[in-house]
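# Chains, contacts and geometry: an overview
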Amino acid sequence: MKTSPWNSIAIVAAVLLLAVGGPWLFRELRSLPSQERLAARSGERVVTIEVSGMTCGGCAARVQGNLASLPGVSASEVRIQQDRAYVVCDRSLPDSSLVGAIQRAGPGFLAAIVPK
């Protein structure tokens, strides 16, 4: 049985793609959280907060520190370029506590929860 040269080219391209992208794909799959870690976070929520008044990295660090120090917050990230803070917290933690923590970070910081 005679094969088409296109079949051979497709096989060679697939092998090269797997050789180049295989290690990256393996690292990405290993970085996924385990089922236990996902189950532990099932009672949490992600809150997006619009933050104004941040002018530098120090401001963002102060806001993030105040958010992280709240009981019930398991993770927080502040992105100064987006003027946003992302918080992973218990469902029972009120939004007013998050906004208050940002406002206590310094004068001029204003915060509002972004609706979904």
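Before going into details, it helps to say that this report is about the structure given with it. (Residues numbered from 1 in each chain as written. Predicted model: local features only at pLDDT ≥ 70, side-chain atom pairs only at ≥ 80, totals over all residues. Heavy atoms only, no water.)

## Points about the overall build of the protein
Looking only at helices and strands, the protein has four helices and four strands in total. Along the protein, helices and strands appear, N-terminal first, in the series α-α-β-α-β-β-α-β. The C-alpha radius of gyration of the protein comes to 23 Å, more than 25% above the 13 Å expected for a compact globule of 116 residues. Counting only C-alpha atoms and orienting by the principal axes, one finds that the protein spans roughly 75 × 35 × 25 Å. Within the span of the protein, comprising 116 residues, buried residues form 25% of the whole. In the protein, once contacts between residues fewer than 6 apart in sequence are set aside, the share between residues at least 24 apart is 66%. Accessible surface for the protein amounts to roughly 8,200 Å². Of this, 62% is attributable to carbon and sulfur atoms. When the 12 basic and 8 acidic side-chain charges of the protein are each reduced to a single mean position, those positions are 6 Å apart. (Helix = DSSP H or I, 4+ residues; strand = E, 2+ residues; numbered from the N terminus. Rg over C-alpha atoms; globule rule 2.2 N^0.38 Å. Buried < 20%, exposed > 50% of the residue type's maximum accessible area, 1.4 Å probe, protein only. Contact = heavy atoms within 4.5 Å. Areas by Shrake-Rupley, 256 points an atom, 1.4 Å probe, with all protein chains shown as cover. Lys, Arg positive; Asp, Glu negative; His and termini not counted. Charge placed at Lys NZ, Arg CZ, Asp CG, Glu CD.)

## Some points on the sheet that holds strand S4 (residues 110-113)
With antiparallel pairing, four strands are arranged side by side in an open sheet as S2-S3-S1-S4. Either end of the sheet is taken by a strand with one partner, and the two such strands are strand S2 (73-79) and S4. Neighbour-to-neighbour, the strand axes of this sheet turn through a mean angle of 25°, independent of strand direction. As paired strands, S2 and strand S3 (residues 84-90) are joined by six bridges and run antiparallel to one another. Across the sheet, the residue bridging to Arg79 is Arg84, located in S3. Strands S2 and S3 of the sheet are contacted by helix H3 (residues 57-68), whose axis makes an angle of about 165° with S2. Strands strand S1 (44-52), S2, S3 and S4 of the sheet are contacted by helix H4 (residues 95-104), whose axis makes an angle of about 40° with S1. (Pairing = 2+ DSSP bridges. Axes fitted to C-alpha atoms, helices over the stretch in contact; angles between N-to-C directions.)

## Overview of a nonpolar patch on the surface
The grouping of Trp24, Leu25, Leu29 and Leu32 at the surface amounts to a nonpolar patch, some 440 Å² of accessible area in total. Along the chain, Leu32 turns up in the loop between helix H1 (5-30) and helix H2 (35-40). (Patch = residues over 30% accessible without salt bridge, like charges linked within 9 Å, V, L, I, M, F, W, Y side chains within 5 Å. Salt bridge = Lys/Arg side-chain N within 4 Å of Asp/Glu carboxyl O.)

## A closer look at H3
Relative to the 16 Å expected for 12 residues at 1.5 Å per residue, H3 spans 16 Å between its end C-alpha atoms, a close match to the ideal helical length. What H3 keeps buried is the set Cys59, Ala60, Val63 and Leu67. End-on, the buried residues of H3 take up no more than an arc of 95°, which puts them together on one face. Residues of H3 that are buried make contact with S2, S3 and H4. (Expected span 1.5 Å × (residues − 1). Arc of directions from axis to C-beta.)

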